[in-house]
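Below are the chains, spelled out letter by letter.
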Amino acid sequence: MPIHNIKVKEYECAHCAYRWINRTNGKDGNIPLRCASCKRKNWNHGQANQIWPKENGLRRRINGFNTLYENDSYYSAHLKYLIGWDKGLCERFLNLEPRPTIQEMEEVIYSSPLQRYNNGSDFYRMQQKVPLEGKPGFFKKDLSGLIQDPKRLEKVIYNPDPNFISDYQKLVAEEAHIRQAVMTNIINSRAT
Ligand SMILES: [Zn+2]
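Residues numbered from 1 in each chain as written. Predicted model: local features only at pLDDT ≥ 70, side-chain atom pairs only at ≥ 80, totals over all residues. Heavy atoms only, no water.

## Digging into the packing of helix H2 (residues 65-72) against helix H7 (residues 167-190)
- Packing of H2 against H7 leaves a shortest axis separation of 11 Å and a crossing angle of 155°. In this view, H2 runs roughly antiparallel relative to H7, as classed from their interaxial angle. Seen from above, H2 lies across H7 with left-handed handedness. On H7, the residues touching Phe-65, Leu-68, Tyr-69 and Asp-72 of H2 are Tyr-168, Val-172, Glu-175, Ala-176, Arg-179 and Met-183.
- Of the residues that constitute the contact of H2 with H7, the class distribution is seven nonpolar, no polar and three charged. (Axes fitted to C-alpha atoms, helices over the stretch in contact; angles between N-to-C directions. Helix = DSSP H or I, 4+ residues; strand = E, 2+ residues; numbered from the N terminus. Parallel < 35°, antiparallel > 145°, perpendicular 65-115°, else oblique. Left-handed = near helix turned anticlockwise from the far one by under 90°. Contact = heavy atoms within 4.5 Å. Nonpolar A, V, L, I, M, F, W, Y, C, P; charged D, E, K, R; others polar.)

Written out as structure tokens, the structure reads:
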């Protein structure tokens, strides 16, 4: 009977430190779903339980959306209604088990048509901006709210209609809708 020297994959559980091999008829099996000893599912994700700085930063940004859209709708009840922000959504998203991946969080953050990727400097940089037609990635000042003053025709004023929604505000609402849809999709895709 021949004798073979072989290389074997050995697995080690991140929870109970049990080590085992998974081999049948001379072949490594699939990566095990559960620890062979304690039966826990994410036996190889010991590191995933640790939150790294980058992940932390992304989580903080998503957590800040509640304040972001509150600020956006501060002056306009109409816009607030249009944004329709679900205040519990970010928490439900961030509390997913297993936690949202960096890729999933980046998908939520970078889906902004206004390029508002953080809740600070981008918020100020993009205020009252709209895309420049025919030049993707470029923005210009939003002048959609400016109208001729009915009392003094030579004067330009900001539209005083409380129900008026500017092009910039429409984009903010669109951004909120996209982000909510992305988060909801990810939450639903985890439901088993
Ligand atoms: Zn184990």
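## Focus: H2
- Among all positions of H2, only Phe-65, Leu-68, Tyr-69 and Asp-72 are buried. Buried residues of H2 fall within an arc of 85° about the axis and therefore sit on the same side.
- Structurally, H2 contributes buried residues whose contacts are with helix H1 (53-63), helix H3 (77-83), helix H4 (89-94), helix H5 (102-109), helix H6 (121-125) and H7. (Buried < 20%, exposed > 50% of the residue type's maximum accessible area, 1.4 Å probe, protein only. Arc of directions from axis to C-beta.)

## Section: the pattern of salt bridges
- Counted under the stated rule, the structure contains 13 salt bridges.
- Here Glu-106 ties to Lys-54 by a salt bridge, and the two come within 3.3 Å at their closest N and O atoms. Linking Glu-106 in helix H5 with Lys-54 in helix H1, this pair joins segments that are 52 residues apart in sequence.
- The partner of Glu-154 in a salt bridge is Arg-152, with the nearest N and O atoms 3.4 Å apart.
- A relative accessible area of 62% places Glu-154 in the exposed class.
- Here Arg-152 falls in the partly exposed class, since its relative accessible area comes to 45%. (Salt bridge = Lys/Arg side-chain N within 4 Å of Asp/Glu carboxyl O.)

## Structural notes on H7
- With 24 residues, H7 ought to run about 34 Å at 1.5 Å a step, and its terminal C-alpha atoms sit 35 Å apart, in line with that.
- Inspection of H7 places Tyr-168, Gln-169, Leu-171, Val-172, Ala-173, Glu-175, Ala-176, Arg-179, Gln-180, Val-182, Met-183 and Ile-186 among the buried residues, and these make up the whole buried set.
- The elements touched by buried residues of H7 are H1, H2, H3, H4, H5 and strand S5 (129-131). (Expected span 1.5 Å × (residues − 1).)

## Here we look at the domain arrangement of the protein chain
- Domain parsing of the protein chain yields domain 1 (1-50) and domain 2 (51-190).
- For domain 1 and domain 2, the distance between their C-alpha centres works out to 45 Å. (Domains from an automatic or database assignment.)

## Examining the packing of aromatic side chains
- Going through the model one piece at a time under the given rule, you end up with 11 aromatic pairs.
- Between Trp-20 and Trp-43, the aromatic rings sit 5.1 Å apart at their centres with planes inclined by 65°, giving edge-to-face as the arrangement. Taken together, the residues Trp-20 in strand S2 (residues 19-21) and Trp-43 in the loop between strand S4 (27-28) and H1 connect sequence positions 23 residues apart. Both residues of the pair, Trp-20 and Trp-43, count as buried.
- When the centroid spacing of 6.2 Å and the interplanar angle of 85° are considered together, the rings of Phe-65 and Trp-85 count as edge-to-face. Taken together, the residues span a long stretch of sequence, with Phe-65 in helix H2 and Trp-85 in the loop between H3 and H4 at a distance of 20 residues. Here the two residues Phe-65 and Trp-85 agree in accessibility, since each one is buried.
- Grouped by ring-pair contacts, the aromatic residues Tyr-11, Tyr-18, Trp-20 and Trp-43 constitute a single cluster. (Phe/Tyr/Trp six-rings, centres within 6.5 Å; stacked < 30°, edge-to-face > 60°.)

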